[in-house]
Amino acid sequence: MGPDQHAQLDGFSLFLPFPSRVAVLFVAGFWGWGANLQYLHQNNIDLPALIRYPARQSPNHRPHHVSAYHLAGLLTVPLLLSLFLFWPLTHGSRERVESVDYVPQAYLFILIILLILPFNRLSRSGRRRFLSTLRRISIGGLAEAQDGKFGDILLADVLTSYAKVIADLVVTFCMFFNAETSSTSKPDRHCGSDYLIPLIIAIPSLIRLRQCLIEYVRLRRTGFRHGNTGAQHLANALKYATAFPVIMLAAKLRNYSPFLFYGISEVTLTRLLYLFSFINSSYSFYWDITKDWDLTLFTESRNDNEYPFGLRRYRYFTDQQYYTAMAVDFAVRFAWMSRFVPGFVWLTETEVGLFFLMLFEVGRRWMWVFIRSEAEWVRNSRGPAPNDVLLGEFNGKLDSD
């Protein structure tokens, strides 16, 4: 560890070390899932039915969202304990923070164990369903509609928002097992290999891309019935493909050398990165609004007084909630542009800024799940939106229970 390594730790890293920041983002996802289940249930949207999760057999059984909160709480307790132990041990000392990295790192081991081992009281059925779905989609698999295809798509899309968090998880273990550094030092996102982390970040987009192609092939085998050519599945696959140039260019700029890029200047690579970032953000924002949420902000004009501007006829939430969701989705999708705004450069240049950007993305995806699930419920109960073939087939109305 170099003599200037300690000086690179800022106050935020002394208070919330790198492994704990990663843990907070993962645990936040479990609390968010509980909130998704609860609020959608309160609005008469049965998310467990949409993902084909078994219904409760008895009214005495805990509701799904209570089980989700229970698991989230059990994951939160050891995280808080690790921090309450870490703070007295370090007293804000940079040397101590780096020497006791085993304390926050141990929680990540605990988190993995709690999620994998089948403890009966830790939402066993939910965790088993989560892990089985994760195994299936980890190779780009996709269940049939009756077996929980919508759940596969939800989880795979969530993984795209957690791509950088997962990459940071790998970095913490790489640094922890590296004798020359500490997992609580300034994050070394080149740890292991210059190409390992970009590859990990790309995997969730690869999973969704393959799922879109599976959808297209399945539709093709049926003979493109009812005039459905599967073009939207290919367009959706292209959306995920636009993430790869961004990931590749960002990685090359971190390792820039004029001798490695055939004379291409750093300025040119930076401009290309901004161009592809704009394409990816614009395409993704359009898809969120028009295809995932079935809103009409970018589509043909409506009949007067049929529904408010930019929304749709059937809605379960307030109009203000849809408008707020669109604004938040836009802001987070284009948050990378904060580097051009005076006073906001810290968001992309500091560890606290990067943490907040990841937290914003996790929050954006949590918000996205509400309207994506609501849109799917509307499709199943009232029929798909015009020209909507995102899931490839329409399964009829869900049972109310």
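Reading guide: rules and limits
- Residues numbered from 1 in each chain as written.
- Predicted model: local features only at pLDDT ≥ 70, side-chain atom pairs only at ≥ 80, totals over all residues.
- Heavy atoms only, no water.
- Helix = DSSP H or I, 4+ residues; strand = E, 2+ residues; numbered from the N terminus.
- Buried < 20%, exposed > 50% of the residue type's maximum accessible area, 1.4 Å probe, protein only.
- Contact = heavy atoms within 4.5 Å.
- Areas by Shrake-Rupley, 256 points an atom, 1.4 Å probe, with all protein chains shown as cover.
- Disulfide = S-S within 2.5 Å.
- Core = buried A, V, L, I, M, F, W, Y, C linked by side-chain atoms within 4.5 Å.

### Here we look at the overall build of the chain
Along the backbone of the chain there are 16 helices and zero strands. Per-residue burial for the chain yields a buried fraction of 49% across its 401 residues. Long-range contacts, defined here as pairs at least 24 residues apart, represent 70% of the contacts in the chain between residues at least 6 apart. Summed over its atoms, the accessible surface of the chain is roughly 20,200 Å², and 62% of this surface lies on carbon and sulfur atoms.

### A short note on the environment of Leu 134
Note on placement: Leu 134 falls in helix α7 (residues 124-137). Separated by 21 residues in the primary sequence, Leu 134 and Leu 155 place their C-alpha atoms 7.6 Å from one another. The contacts of Leu 134, once residues within four sequence positions are left out, are Leu 155 and Leu 159.

### Comments concerning the state of the cysteines
If you walk through the whole model with that rule in mind, you get one disulfide. Put simply, Cys 174 and Cys 191 are joined by a disulfide, and their sulfur atoms are 1.9 Å apart. In this structure the cystine formed by Cys 174 and Cys 191 twists about its S-S bond by roughly -85°; its chirality is therefore left-handed. Of this pair, Cys 174 sits in helix α9 (residues 163-176) while Cys 191 is found in the loop between α9 and α10 (196-221), placing the two residues 17 residues apart along the sequence.

### A few points about the nonpolar core
Counting residues in each nonpolar core, the largest one holds 35 residues, and the members touching the most others are Phe 26, Leu 75, Tyr 107 and Val 165. For this core, the secondary-structure elements that each account for two or more residues are α2 (18-42), α4 (64-90), α6 (102-116), α9, α10 and α16 (351-382). Not counting residues within four places of it along the chain, the set of residues in contact with Tyr 107 comprises Ala 23, Val 27, Leu 75, Pro 78, Leu 79 and Ser 82. Within the second largest apolar cluster, 27 residues are counted, among which are Tyr 53, Ala 68, Phe 285 and Ala 325.

### As for the environment of Gly 11
One can find Gly 11 in helix α1 (residues 11-15). Of the residues examined, Gly 11 reaches a relative accessible area of 48% and is grouped as partly exposed. Sequence spacing of Gly 11 and Gly 92 is 81 residues, and the spatial spacing of their C-alpha atoms is 8.0 Å.

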